[in-house]
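Notes for the structure review
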Amino acid sequence: MKMTFRWYGEQDSIPLSYIRHVPYIKGIVSAVYTVPPGEVWPWDRITALKQQIEEAGLTFEVVESVPVHEAIKLGLPTRDNYIANYKETLRRLGDAGVKVVCYNFMPAFDWFRTVIDKPLPDGSLTLAFSGEELKRIEPIIADFTLPGWDLSYPKQKLPALMKQYKELGAEGIWENLAYFLAEVIPTAEEVGVKMAIHPDDPPWPVLGLPRILSKEADFDRLLELQPTVHNGITFCSGSLGSSPDNDLPGMLDKYAAQKRIHFVHLRNVKRYPNGDFEESAHLSESGSIDMAELIHILHRHQFEGYVRPDHGRMIWGEEGKPGYGLYDRALGAAYLTGLWESTVRKGEACNG
């Protein structure tokens, strides 16, 4: 298991030197965020990012994300041009030593929360999802935004874009994903990059938009589209764990055994009976997910891929991008690394 940390480049309030202080963090997960979705990433920006990270004593082997342009997801006539650009970016990333590219195929926008600063009983602030709050947001969706969204269209066009997706439907999105993978996966194989798709977040339709990667059957279908190790998964415990219908340990065990998990986002969430959830501290008892069990499963399958502590609370007065402060993610990395080390030691003792 390779512990990594997401960093948003020079616009990130957290310097690489601070991340380097966390002893178990070996790699940085980042991207060229200054290039609009759909355009080819310039070689000099890729190499400059790689050099900056390596000069800080860290590795750069995972990209999150190379955004998929809306024209590809919608299957518009312009998609082939954007797919050609995507393939060229993959070639350049492969040449730069990148091993895994995390991406998503969520329509219109990425992850969705209704609150980004919900106070918890301990005074920390966290991201949360509320069905009632969603009803308030829906009428003003054109003015709503969340940190980290990749928007390749003017905000005023969002209502029309959402209408296109609703008319396309889930099966239409599946067809467009299949088309994209048929074009992209052979290139990924050629350059030695493993593609790792992120689940829908949250794993159910939001604002009437279709979702296609929310449950086990969806991922079975995805992996069958291109039956190669280069067509894989970013297993996000927080996204999939937001739904009580998902057997999280069972899914992790299944896809880890198949060697189709290339990247793991580990975070805990606290679910409520009405379907609401909030992101909690990583500790198992803080939420609804047994984090120790997930680590044990990864160890049992001798997982050698990349892991990062996903989404932290804002604690100790820290200010910054919600979910992406330094302190709580560092605590999460420490906790997860401790679970991993204790599991390894236990296994060594049993084998001895």
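Residues numbered from 1 in each chain as written. Predicted model: local features only at pLDDT ≥ 70, side-chain atom pairs only at ≥ 80, totals over all residues. Heavy atoms only, no water.

**Observations concerning unusual backbone geometry**
- Here the residue pair Glu64 and Ser65 is connected by a cis peptide bond, since its omega of 5° sits within 30 degrees of zero.
- Secondary-structure assignment places Ser65 in the loop between β3 (59-64) and α3 (70-74).
- Pro202 follows Asp201 through a cis peptide bond whose omega is 0°.
- In this fold, Pro202 is placed in the loop between β7 (194-197) and α7 (216-225).
- Positive phi is not limited to glycine here, since Leu207 has a value of about 55°. (Helix = DSSP H or I, 4+ residues; strand = E, 2+ residues; numbered from the N terminus.)

**Overview of the environment of Leu93**
- Tracing the chain through its elements places Leu93 in helix α4 (residues 79-95).
- The sequence separation of Leu93 and Ala334 amounts to 241 residues, and the corresponding C-alpha distance is 29 Å.
- The residues touching Leu93, leaving out its near neighbours within four places in the chain, are Trp41, Ile46, Val63, Val66, Val98 and Val101. (Contact = heavy atoms within 4.5 Å.)

**A few points about the environment of Gln302**
- On the secondary structure map, Gln302 appears in the loop between α10 (291-300) and β12 (306-309).
- Here Gln302 falls in the exposed class, since its relative accessible area comes to 64%.
- For the pair Gln302 and Tyr103, spaced 199 residues apart in sequence, the C-alpha separation works out to 24 Å. (Buried < 20%, exposed > 50% of the residue type's maximum accessible area, 1.4 Å probe, protein only.)

**Brief notes about the sheet that holds strand β5 (residues 115-119)**
- Spatial strand order, β5-β6-β11-β10: 4 strands in an open sheet with antiparallel pairing. Among the strands making up the open sheet, the edge pair consists of β5 and β10 (269-271). Each adjacent strand pair in this sheet contributes to an overall mean axis angle of 35°, direction not counted.
- Relative to strand β11 (residues 277-279), β10 runs antiparallel, the two sharing 3 bridges. Within β11, the position partnered with Arg271 by the bridge is Phe277. (Pairing = 2+ DSSP bridges. Axes fitted to C-alpha atoms, helices over the stretch in contact; angles between N-to-C directions.)

**A few points about the nonpolar core**
- Tyr86, Val101, Leu177, Phe180 and Leu222 are the most contacted members of the largest nonpolar core, which has 90 residues in total.
- Looking at which element gives the most residues to this core, the answer is helix α6 (residues 158-191), with 13 residues.
- Core analysis: the second largest hydrophobic core is formed by 7 residues, Val29, Val62, Ala196 and Phe263 among them. (Core = buried A, V, L, I, M, F, W, Y, C linked by side-chain atoms within 4.5 Å.)

**A closer look at the packing of α4 against α6**
- Contact geometry for α4 and α6: axes closest at 9 Å, N-to-C directions at 25°. As far as their axial angle goes, α6 and α4 are roughly parallel. Handedness of the crossing formed by α4 with α6: right-handed. Between α4 and α6, the residues in contact are Arg79, Asp80, Ile83, Tyr86, Lys87, Leu90, Arg91 and Gly94 and Asn176, Tyr179, Phe180, Glu183, Val184, Thr187, Ala188, Glu190 and Val191, respectively.
- Taken together, the residues of the contact of α4 with α6 break down into 8 nonpolar, 3 polar and 6 charged. (Parallel < 35°, antiparallel > 145°, perpendicular 65-115°, else oblique. Left-handed = near helix turned anticlockwise from the far one by under 90°. Nonpolar A, V, L, I, M, F, W, Y, C, P; charged D, E, K, R; others polar.)

**Brief notes about the pattern of salt bridges**
- As enumerated under the stated definition, the model contains 25 salt bridges in all.
- A salt bridge links Lys254 to Asp220; its shortest N-O distance comes to 2.9 Å. Here Lys254, found in helix α9 (residues 248-257), pairs with Asp220, found in helix α7; they are 34 residues apart in sequence, far enough to count as distant.
- Since its relative accessible area comes to 26%, Lys254 is described here as partly exposed. (Salt bridge = Lys/Arg side-chain N within 4 Å of Asp/Glu carboxyl O.)

**Thoughts on α7**
- Those residues of α7 lying buried are Asp218, Phe219, Leu222 and Leu223. Mapping the buried residues of α7 onto a view down its axis gives an arc of 130°, with all of them on the same face.
- The secondary structure elements touched by the buried residues of α7 are α6, β7, β8 (231-236), α8 (237-241) and α9. (Arc of directions from axis to C-beta.)

**Points about the packing of α9 against α10**
- In contact at an axis separation of 10 Å, α9 and α10 are set at 15° when each is read in the N-to-C sense. As judged from the angle between their axes, α9 and α10 are roughly parallel. In this structure, α9 meets α10 at a crossing whose hand is right-handed. Between α9 and α10, the residues in contact are Leu248, Pro249, Leu252 and Asp253 and Glu293, Leu294, Ile297, Leu298 and Arg300, respectively.
- Residues belonging to the contact of α9 with α10 are distributed by class as follows: 6 nonpolar, no polar and 3 charged.

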